[in-house]
Amino acid sequence: VLKVQGMARIDGFVEGEIYGSDLIQVGKDGKLEATVKAKDIVAQGPLRGDFVALQKIQLLAPATLEGKIDAPVFLLEEGVFVNGLVKMGMVRPAVS
């Protein structure tokens, strides 16, 4: 489990769970096989797993994604491959 306060950029292989308070960015050389929950997720590398963003998920070419996406906003650039389930809608804040 990786917990990040603030922004994080990944340019290597990560497997497991990632929780971020802000932006999780995956570069072209990054590869995730993970469950990721963050404010925003932006990726160019291959992704596999479950991805939940409070605000948006943005995939830039040559990204590939296999898995589940859950975010109010989902943006993808031409040349991106997605295979999975996409759920878009308002995320309700957690009850304290």
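Refer to the preceding data block for the structure.
Residues numbered from 1 in each chain as written. Predicted model: local features only at pLDDT ≥ 70, side-chain atom pairs only at ≥ 80, totals over all residues. Heavy atoms only, no water.

## Some details on the overall build of the protein
Inference 1: Counting its regular elements, the protein contains zero helices and nine strands.
Inference 2: For the protein, the succession of helices and strands along the chain, N to C, is β-β-β-β-β-β-β-β-β.
Inference 3: Relative to the compact-globule value of 12 Å for 96 residues, the protein shows a C-alpha radius of gyration of 12 Å, a close match.
Inference 4: Structurally, the protein occupies a C-alpha span of about 40 × 25 × 20 Å along its principal axes.
Inference 5: Expressed as a percentage of the 96 residues in the protein, the buried residues total 33%.
Inference 6: Sequence-distant contacts, at least 24 apart, represent 2% of the contacts inside the protein between residues at least 6 apart.
Inference 7: Accessible surface computed for the protein: about 5800 Å², of which carbon and sulfur atoms make up 52%.
Inference 8: Charge centroids of the protein, computed over 11 positive and 12 negative side chains, lie 6 Å from each other. (Helix = DSSP H or I, 4+ residues; strand = E, 2+ residues; numbered from the N terminus. Rg over C-alpha atoms; globule rule 2.2 N^0.38 Å. Buried < 20%, exposed > 50% of the residue type's maximum accessible area, 1.4 Å probe, protein only. Contact = heavy atoms within 4.5 Å. Areas by Shrake-Rupley, 256 points an atom, 1.4 Å probe, with all protein chains shown as cover. Lys, Arg positive; Asp, Glu negative; His and termini not counted. Charge placed at Lys NZ, Arg CZ, Asp CG, Glu CD.)

## Focus on the pattern of salt bridges
Inference 1: Enumeration according to the criterion identifies three salt bridges in this entry.
Inference 2: Between arginine 9 and aspartate 11 there is a salt bridge whose closest N-O contact spans 2.9 Å. (Salt bridge = Lys/Arg side-chain N within 4 Å of Asp/Glu carboxyl O.)

## Observations regarding the nonpolar core
Inference 1: Membership of the largest hydrophobic core comes to 23 residues, with the highest contact counts inside it found for Ile24, Leu32, Val36, Leu47, Phe51, Ile57 and Leu59.
Inference 2: Among the elements of the structure, strand S2 (8–10), strand S4 (23–26), strand S5 (31–43), strand S6 (46–59) and strand S7 (64–70) are those that each provide at least two residues to this core.
Inference 3: For this core, the element with the most residues is S5, which contributes six residues.
Inference 4: Ignoring anything within four residues of it in the chain, the contact list for isoleucine 24 reads Val4, Ala8, Ile10, Ile18, Val36, Ala38, Asp40, Ile41 and Val42. (Core = buried A, V, L, I, M, F, W, Y, C linked by side-chain atoms within 4.5 Å.)

## As for the environment of glycine 49
Inference 1: With respect to the helices and strands, the residue glycine 49 is situated in strand S6.
Inference 2: Of the residues examined, glycine 49 reaches a relative accessible area of 17% and is grouped as buried.
Inference 3: C-alpha separation for the pair glycine 49 and isoleucine 10, spaced 39 residues apart in sequence, amounts to 16 Å.
Inference 4: Ignoring anything within four residues of it in the chain, the contact list for glycine 49 reads Ala34, Glu66, Gly67 and Lys68.

## Observations concerning the side chain of aspartate 40
Inference 1: Considering the arrangement of structural elements, one finds aspartate 40 in strand S5.
Inference 2: Despite its burial, aspartate 40 remains without a salt bridge, the nearest opposite charge being carried by lysine 39 at 4.9 Å.
Inference 3: At 3.2 Å, the side chain of aspartate 40 and the backbone nitrogen of lysine 56 are in polar contact.
Inference 4: Leaving out residues up to four positions away in the same chain, aspartate 40 has contacts with Asp22, Leu23, Ile24, Ala53, Gln55 and Lys56. (Polar contact = N/O pair within 3.5 Å; in protein donor to acceptor, adjacent residues only side chain to side chain.)

## Considering the pairing of S7
Inference 1: Pairing of S6 with S7 involves seven bridges; the strand directions are parallel. Within S7, the residue paired with valine 52 across the bridge is aspartate 70.
Inference 2: Strand direction decides the pairing type here: S7 and strand S9 (residues 81–87), joined by seven bridges, are parallel. Bridge assignment links glycine 67 to a residue of S9, and that residue is glycine 84. (Pairing = 2+ DSSP bridges.)

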